[in-house]
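# Observations on the model geometry
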Amino acid sequence: MTILRVTIAADPPPRLDKALARDVPEQAALSRTRLARLIAEGAVTVNGAMAANPKAPVAEGDTVTIAVPEARDYDVVAQDIPLVILFEDEDLLVIDKPAGMVVHPAPGTPDGTLVNALLHHFGGDLSGIGGEKRPGIVHRIDKDTSGLLVVAKSDRAHHGLARQFEKHTARRAYRAVVHGVPDLADPRLMGMRGVSSSGAGVLTITSGLARHKTDRQRQAVYFDGQGRHAITHARTLERFGTPASMALVECRLETGRTHQIRVHMAHAGHALVGDQTYGGRRRVPEKALSPAGHAAASRFPRQALHAAELGFEHPATGEALLFEAPLPEDMSQLIAALRSAP
């Protein structure tokens, strides 16, 4: 148990949890969510009286005592699963996740996940993120998406990285192979709601994203204030076929919502190759592509999406970091086949 004493500074926010989120020293690495949980657990007193309500008012000069319990062990088994690690220090590591690996254990996938692999790699040397000794997964990518992820090893890294992702200052760029070719001169595309040109050949898709009304496994595009605000910037890098019927696209995330790129590109009429959830029954054009290209695109077993670039400020040192991951073999082979002459 660690006892932390905080004196409320001038002009505090109107409620206890917000005031503590402002005034608790950063090195304590207690998020507002964690503070609210500690209040609910009876671990917080104000001027000697237990505070059970996170919305309770506070005043300048109030003395708040927080009893922070020792972090619990994380109830997930460690597994010796190989990882491709691009960078690691005492605060964080950056990995290149393969397609097919789930990030978090879930009822249908209790093991074999990235978290199982990280627990083995760390060997138990973890800080108490959220009150448990576990890896700090700051952001996620889908099971069948490959590419870059940053994972926090310490509380200070977890909170520092989370702030950057929340404020959308982290740099994230993906490579995707899509049906059709996004063309800013296409009146159909530019006439769609939420689709606009940002100049320099960049297509911007802006909408709300939320669960589909009838299919709870999918996300859907919404407008008029519905859903969480989402912005994707897409730029065509290469065209395939005669006439061009597929494209390699760079997608940069301004926000990071569940399935954002997949949903936004499908909304624009350019669903990802291999995306069984959002690609519908989109057929691969046989005459425009070579037999090899047609076969590769028709049989591609996952959404053709790769997290290729990840940039952020190191939460401890302030150093600007940028990482790049080459296309995985399956996407490289797909693109090579699409380049072949019909």
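Residues numbered from 1 in each chain as written. Predicted model: local features only at pLDDT ≥ 70, side-chain atom pairs only at ≥ 80, totals over all residues. Heavy atoms only, no water.

## A closer look at the overall build of the protein chain
Each helix and strand in the protein chain was counted, giving eight helices and 18 strands. Within the protein chain, buried positions represent 46% of all 342 residues. Accessible area for the protein chain stands at about 16700 Å²; split by element, carbon and sulfur atoms hold 48% of it. Charge separation in the protein chain, taken as the distance between the mean sites of 40 positive and 38 negative side-chain charges, equals 8 Å. (Helix = DSSP H or I, 4+ residues; strand = E, 2+ residues; numbered from the N terminus. Buried < 20%, exposed > 50% of the residue type's maximum accessible area, 1.4 Å probe, protein only. Areas by Shrake-Rupley, 256 points an atom, 1.4 Å probe, with all protein chains shown as cover. Lys, Arg positive; Asp, Glu negative; His and termini not counted. Charge placed at Lys NZ, Arg CZ, Asp CG, Glu CD.)

## Quick word on unusual backbone geometry
Going from Thr-242 to Pro-243, the amide bond is cis rather than trans, its omega being -5°. As for its placement among the helices and strands, Pro-243 is situated in the loop between β15 (228-240) and β16 (246-253). Phi angles above zero are rare outside glycine, and His-259 is one such case at about 60°. Structurally, the position occupied by His-259 is in the loop between β16 and α6 (260-267). With relative accessibility at 18%, the residue His-259 sits in the buried group.

## Brief notes about the packing of helix α7 (residues 291-299) against helix α8 (residues 329-339)
The contact between α7 and α8 brings their axes to 7 Å, and the two run at 145°. Two packed elements cross with a definite hand, and for α7 against α8 that hand is left-handed. Packed against α7, whose contacting residues are Ala-292, Gly-293, Ala-296 and Ala-297, the element α8 presents Leu-334, Ala-337 and Leu-338 at the interface. Of the residues in the contact of α7 with α8, the class split is six nonpolar, one polar and no charged. (Axes fitted to C-alpha atoms, helices over the stretch in contact; angles between N-to-C directions. Left-handed = near helix turned anticlockwise from the far one by under 90°. Contact = heavy atoms within 4.5 Å. Nonpolar A, V, L, I, M, F, W, Y, C, P; charged D, E, K, R; others polar.)

## Side note on the packing of aromatic side chains
Counted by the stated rule, this structure contains two aromatic pairs. Three or more aromatic residues joined by ring pairs form one cluster here, namely Phe-87, Phe-312 and Phe-323. (Phe/Tyr/Trp six-rings, centres within 6.5 Å; stacked < 30°, edge-to-face > 60°.)

## A word on the side chain of Ser-245
Considering the arrangement of structural elements, one finds Ser-245 in the loop between β15 and β16. The residues touching Ser-245, leaving out its near neighbours within four places in the chain, are His-179, Gly-180, Val-181, Phe-240, Pro-285, Ala-288 and Leu-289.

## Observations concerning the confidence of the model for the protein chain
For the protein chain, the average pLDDT comes to 89, and 94% of its residues sit at 70 or higher. The weakest mean pLDDT in the protein chain belongs to strand β8 (residues 132-133) at 44; the strongest belongs to strand β17 (residues 305-313) at 98. (pLDDT = per-residue confidence, 0-100.)

## Things to note about the sheet that holds strand β3 (residues 49-50)
Read from one edge to the other, the open sheet built from four strands follows the order β1-β4-β2-β3, with strand pairing classed as antiparallel. The strands lining the two open edges of the sheet, one partner per strand, are β1 (2-7) and β3. Both β1 and strand β4 (residues 63-68) contribute to a ladder of six bridges, which runs antiparallel. Within β4, the residue paired with Thr-7 across the bridge is Thr-63. Across the sheet, helix α2 (residues 32-40) touches β2 (44-46) and β4, and the angle it forms with β4 is around 90°. (Pairing = 2+ DSSP bridges.)

## Topic: the pattern of salt bridges
By the definition in use, this model includes 17 salt bridges. In this structure, Glu-309 and Arg-171 form a salt bridge, with 2.9 Å as the shortest nitrogen-oxygen distance. Residue Glu-309 is located in strand β17, and its partner Arg-171 is located in strand β11 (residues 171-179); the two are separated by 138 residues in the primary sequence. Here Asp-186 makes a salt bridge to Arg-188, at a shortest N to O gap of 3.6 Å. For Asp-186, a relative accessible area of 23% translates into the label partly exposed. On the basis of relative accessible area, Arg-188 is assigned to the partly exposed category, the value being 40%. Each of Arg-171, Arg-175, Arg-235, Glu-250, Arg-252 and Glu-309 takes part in one network of salt bridges that share partners. (Salt bridge = Lys/Arg side-chain N within 4 Å of Asp/Glu carboxyl O.)

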